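Residue-level listing of the chains:
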Amino acid sequence: MKIGIIGLGRIGTIHAENAKLLEDVELVAVSDIRLERAKEVAEKLKVKKVFASPEDLIHDPEVEAVMICSSTNTHAPLVLECARARKHVFCEKPLSLDLAEVDRMIEAMKEAGRILFVGFNRRFDKNFKRVKEAVEEGKIGTPHVLKITSRDPEPPPIEYVKVSGGIFLDMTIHDFDMARYIMGEEVEEVYASGSVLVDGEIGKAGDVDTAVVVLRFRSGALGVIDNSRKAAYGYDQRLEVFGTKGKIIVDNVREDTTVLTDEQGDHGSKYLYFFLERYRESYLEELKTFVKNVAENEPPAVNGEDGKMALLLGYAAKRSLEEKRAVRLEEVIT
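Some words on the side chain of D209
Phase 1: Summarising the element assignment, D209 is placed in the loop between α10 (200-204) and β9 (210-217).
Phase 2: R229 provides the closest opposite charge to the buried, salt-bridge-free D209, at an N-O distance of 7.3 Å.
Phase 3: Those residues in contact with D209 that lie beyond four places of it in its chain are I167, S195, V196, L197, V198, D199, I202, N227, S228 and R229.

If you want it as structure tokens, here you go:
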């Protein structure tokens, strides 16, 4: 499959490098608003076409599928352009910060008869996939409580915070998707509380940097998500599902598994520093799945509705924080 990539920041570059690892994929074109960056990546990876205009890449007849890794505000117009050009799309999360735009994107791709795949890479992490399988196979019985911890090693730049849509739409959105994925059911109610404990500038930008979200699923099962923009010890990514027959846990991944023991106790290695290190393999598995879905004309493993539901949960959490009350999901759907 011949693909083009729009946006060559951290994620776009990872996808470009991964595309060169797959025998059934040819990266034929790249585009970035920083033309020199696009030329640099193209030269390094031996990509033959470089476009200053993403629209030109989309309409290139050689490009069969487009990976959209540019800033969130560009996602909707680029997906709609891909629909007009009848190109399959992989779009990084979130699809948009506007729910009406998301609906238009989903409908346009459906009418074009092309795949819209959303980049929630954590679904493709081998540890979380094992949890999903254990829950589906009934190995922990009926799930009662889901706990997700997601803490970054450092906060993003303030300029990013100002345009990201806030912690619930740029960070917790991954956890909202993971909650739906692991539990296999929808959330009906959200309660969120948050504080500014890491960086006062984040508060001045209208956001929080520390948050706890409680989810009530339709079955009555409960979920708890805790987020922080800064964990001094590194990237903290843990998950637990507790059920009637037992529990299953995913712990943090470390640089290695060695443990030094001396008179002061046990000393382990550090956690992997950030998402590019922790989830490097999951990005490759995600791309493999997208290619397979397109090649075999399968429904996308993560579709537009999944992207929409995670966004809805983010908006419910924002409203809950602002109004200091539990918010039912239908309040933000209508």
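Now that the structure has been shown, the text picks up again.
Details of the nonpolar core
Phase 1: Within the largest apolar cluster, 59 residues are counted, with the highest numbers of intra-cluster contacts made by I3, L27 and F290.
Phase 2: Setting aside residues no more than four positions away along its own chain, I3 makes contact with A19, V25, E26, L27, V28, A29, V63, A65 and M67.
Phase 3: If you look at the next biggest cluster of nonpolar residues, it comprises 43 residues, including I11, F128, V190 and I225.

A short note on the sheet that holds strand β7 (residues 143-151)
Phase 1: Across the sheet, which stays open at both edges, the seven strands sit in the order β12-β11-β7-β10-β9-β8-β15 with mixed pairing between neighbours. Each end of this open sheet is capped by a strand with a single partner; those strands are β12 (247-250) and β15 (327-328).
Phase 2: Pairing of β9 with strand β10 (residues 222-228), which is carried by seven bridges, proceeds in the antiparallel orientation. In the strand pairing of β10, V214 is matched with V224.
Phase 3: Set on the sheet, helix α9 (residues 172-183) makes contact with β7, β9, β10 and β11 (236-243); between it and β7 the angle comes to about 155 degrees.

Re the pattern of salt bridges
Phase 1: By the definition in use, this model includes 33 salt bridges.
Phase 2: Across the salt bridge formed by R319 and E331, the nearest N and O atoms sit 3.8 Å from each other. Here the residue R319 occupies a position in helix α13 (residues 304-323), and E331 occupies one in helix α14 (residues 330-333), the gap between them amounting to 12 residues.
Phase 3: You can call R319 partly exposed: its relative accessible area is 28%.

A few points about the environment of K162
Phase 1: Relative to the helices and strands, K162 resides in helix α7 (residues 158-163).
Phase 2: For the pair K162 and Q237, spaced 75 residues apart in the sequence, the C-alpha separation amounts to 25 Å.

A few points about the packing of helix α6 (residues 126-136) against α9
Phase 1: The geometry of α6 relative to α9 is characterised by a closest axis approach of 8 Å and an angle of 35 degrees between their N-to-C directions. Side by side, α6 and α9 meet where F128, K129, V131, K132 and V135 of the first sit next to M178, Y181 and I182 of the second.
Phase 2: Class assignment of the residues belonging to the contact of α6 with α9 gives a composition of six nonpolar, no polar and two charged.

Observations concerning the packing of helix α1 (residues 10-19) against helix α2 (residues 35-45)
Phase 1: Relative orientation of the contacting elements α1 and α2 amounts to 20 degrees, with a least axis distance of 11 Å. Comparing their axes, α2 and α1 come out roughly parallel. Here α1 and α2 pass one another in a crossing that is right-handed. When α1 is examined against α2, the residues T13, A16 and E17 are found in contact with a partner set consisting of R37, V41, K44 and L45.
Phase 2: In terms of residue class, the contact of α1 with α2 is built from three nonpolar, one polar and three charged.

Some thoughts on α2
Phase 1: Those residues of α2 that fall on the buried side of the exposure criterion are A38, V41, A42 and L45. Projected onto a plane normal to the axis of α2, the buried residues spread over an arc of 100 degrees and lie on a single side. In α2, the exposed residues that point more than 90 degrees away from the buried face are E36, E43 and K44.
Phase 2: In this structure, the buried residues of α2 make contact with α1, β2 (26-31) and β3 (49-51).
Phase 3: Residue K46 follows α2 closely and has a positive phi angle near 60 degrees.

Details of the environment of A112
Phase 1: Here A112 shows up in helix α5 (residues 99-112).
Phase 2: A relative accessible area of 6% means that A112 is categorised as buried.
Phase 3: Counting along the chain gives 30 residues from A112 to C82, while the straight-line C-alpha distance between them is 9.0 Å.
Phase 4: Aside from chain neighbours lying at most four places away, what touches A112 is A83 and R86.

Regarding the environment of R180
Phase 1: Topologically, R180 is positioned in helix α9.
Phase 2: For R180, a relative accessible area of 11% translates into the label buried.
Phase 3: Residues R180 and M309, spaced 129 residues apart in sequence, show a C-alpha to C-alpha distance of 8.8 Å.
Phase 4: Of the polar contacts made by the side chain of R180, one reaches the side chain of D306; its length is 3.2 Å.

What to know about the pairing of strand β8 (residues 187-195)
Phase 1: Two strands pair when backbone bridges link them, and β8 and β9 are joined in this way by eight bridges, in the antiparallel orientation. Residue pairing across strands places G194 opposite A211, the latter belonging to β9.
Phase 2: For β8 and β15, the ladder comprises two bridges, and the chain directions are antiparallel. Looking across to β15, one finds that E189 is bridged to R328.

Conventions used here
Residues numbered from 1 in each chain as written. Predicted model: local features only at pLDDT ≥ 70, side-chain atom pairs only at ≥ 80, totals over all residues. Heavy atoms only, no water. Helix = DSSP H or I, 4+ residues; strand = E, 2+ residues; numbered from the N terminus. Buried < 20%, exposed > 50% of the residue type's maximum accessible area, 1.4 Å probe, protein only. Lys, Arg positive; Asp, Glu negative; His and termini not counted. Salt bridge = Lys/Arg side-chain N within 4 Å of Asp/Glu carboxyl O. Contact = heavy atoms within 4.5 Å. Core = buried A, V, L, I, M, F, W, Y, C linked by side-chain atoms within 4.5 Å. Pairing = 2+ DSSP bridges. Axes fitted to C-alpha atoms, helices over the stretch in contact; angles between N-to-C directions. Nonpolar A, V, L, I, M, F, W, Y, C, P; charged D, E, K, R; others polar. Parallel < 35°, antiparallel > 145°, perpendicular 65-115°, else oblique. Left-handed = near helix turned anticlockwise from the far one by under 90°. Arc of directions from axis to C-beta. Polar contact = N/O pair within 3.5 Å; in protein donor to acceptor, adjacent residues only side chain to side chain.

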